[in-house]
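The chain contents come next:
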Amino acid sequence: MRFQPIGSWKTSIPDSTAAGRSRPCVLSWLRLWLAIALTIAAPLRAQAESSWPTRAVTIIVPNAPGGFTDIMARMAADHLTRKFGQAFIVENRPGGAGVIGATQVATAQPDGYTFLFTSPSTILTQPLLQKVSYDPDSLIPISVLGNLPFLLGIKSSLPPKSLPEFIAYAKANPDKLNYASAGVGGIGYLVSVLFLKTAGLSAVHVPYKSAAPATAALLSGEVDMYFAGSPEMMQHLTSDRIRILATSGAKRLAKLPDTPAVAEFYPGFQVSTWEAFMAPPGTPKSIVDAMVDATAEVSKDPMIIQRFAALGVATDGTTQEEFFNILKRDRAFYEDAINTAGIEPAAKTSRPSSKP
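Residues numbered from 1 in each chain as written. Predicted model: local features only at pLDDT ≥ 70, side-chain atom pairs only at ≥ 80, totals over all residues. Heavy atoms only, no water.

## Some thoughts on the confidence of the model for the protein
Summarising the model, the protein shows a mean pLDDT of 86, and 83% of its residues fall at 70 or more. Here residues 1-19 is a poorly scored stretch, pLDDT under 50, and it has 16 contacts once near neighbours within four places are set aside; other chains count. Here residues 349-355 is a poorly scored stretch, pLDDT under 50, and it has 19 contacts once near neighbours within four places are set aside; other chains count. (pLDDT = per-residue confidence, 0-100. Contact = heavy atoms within 4.5 Å.)

## A short note on the nonpolar core
Counting residues in hydrophobic clusters, the biggest one holds 51 residues, and the most contacted among them are L116, F166, F195, V262, F269 and W274. The greatest single-element share of this core, amounting to nine residues, is contributed by helix α6 (residues 187-199). Setting aside anything within four residues of it in sequence, one finds F269 in contact with V191, L194, F195, T198, S248, G249, V262 and A263. Membership of the second largest hydrophobic core comes to 32 residues, among which are I59, V90, I142 and V313. (Core = buried A, V, L, I, M, F, W, Y, C linked by side-chain atoms within 4.5 Å. Buried < 20%, exposed > 50% of the residue type's maximum accessible area, 1.4 Å probe, protein only. Helix = DSSP H or I, 4+ residues; strand = E, 2+ residues; numbered from the N terminus.)

## Remarks on helix α5 (residues 163-172)
Taken as a whole, α5 has its buried residues at L163, F166, I167 and A170. Down the axis of α5, the buried set is contained in an arc of 100°. They therefore lie on one face. Packing partners of the buried residues in α5 comprise β4 (140-155), α6, β7 (225-229) and β8 (242-247). (Arc of directions from axis to C-beta.)

## A short note on the pattern of salt bridges
Throughout the structure, instances matching the rule amount to ten salt bridges. For the salt bridge of R74 with D70, the shortest nitrogen-to-oxygen distance reads 2.9 Å. One end of the pair, R74, and the other, D70, are both in helix α2 (residues 68-84), four residues apart, so they sit about a helical turn from each other. Taking the relative accessible area as the measure of exposure, R74 reaches 38% and is therefore partly exposed. (Salt bridge = Lys/Arg side-chain N within 4 Å of Asp/Glu carboxyl O.)

See the structure below:
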């Protein structure tokens, strides 16, 4: 008896007249090889996930270098590199108010070697304000690393020395004061709009392309007020060119015990932002879980806690479920803020309907 070679498809079909009778044989071999391939691939895939990471991991920051998102990502990357024994590399992808970087992650291979470190802008506000090429709900929430409020700063040449004095001064000078933002629709802009509405004030908006020039405008006296992220403003605590009047958070910052929260005068006013890790859709759960646990470890690192506190940031390290609930809550808040600002949404995003 002569055996035909398994790998030779030609021997399964000796001639064209036998093709119809031989096709089932070919299909049987295909099914067999597919079954063998899947059987081999499954444990290899599981092994690859369990040994993750085996090479460098990229953290995409959708902002320019030097901002507080970038600073926080680099602190976290250093800790993760030491924990996993593989390099976690921060790659800045600014542009489109964070949309460019978010798009890159949303379309990346879900192999655990690309993550997004971002604020609510790319996930919640920008998809409400412009048409984006990715579904923000498809990105997998991992964990919130830190929360930070905004700080209201005014140029020091203005007479007011406290928040009540500033509100009284602004009411006596309607539309004579102006305020900076890092761009229309940005979270800092929405905080300003809500504050003005809550306090019954009217001022002129001066938008800038990013936080850095907005802060510079306040320091130079080009604008009268600016609600900046706490890390931006904390760098200028000793400057005699600005005066910090209040925080947008629920309570006073430990580093600024004499600076009141806006909520002390207007109960219910509470706005803060977060910085968090997210993964491409389809990233294996084992890798996501590993990052959740690792982020929690980062948030408990004494050095990280101390350095974040100096920036006015509180470490968090949420579970996936807690992060999911934050996303639902904040989406409703920003939708309301955008409506208050009178901005016409360019596109609607769907609300998450199930937990990750």
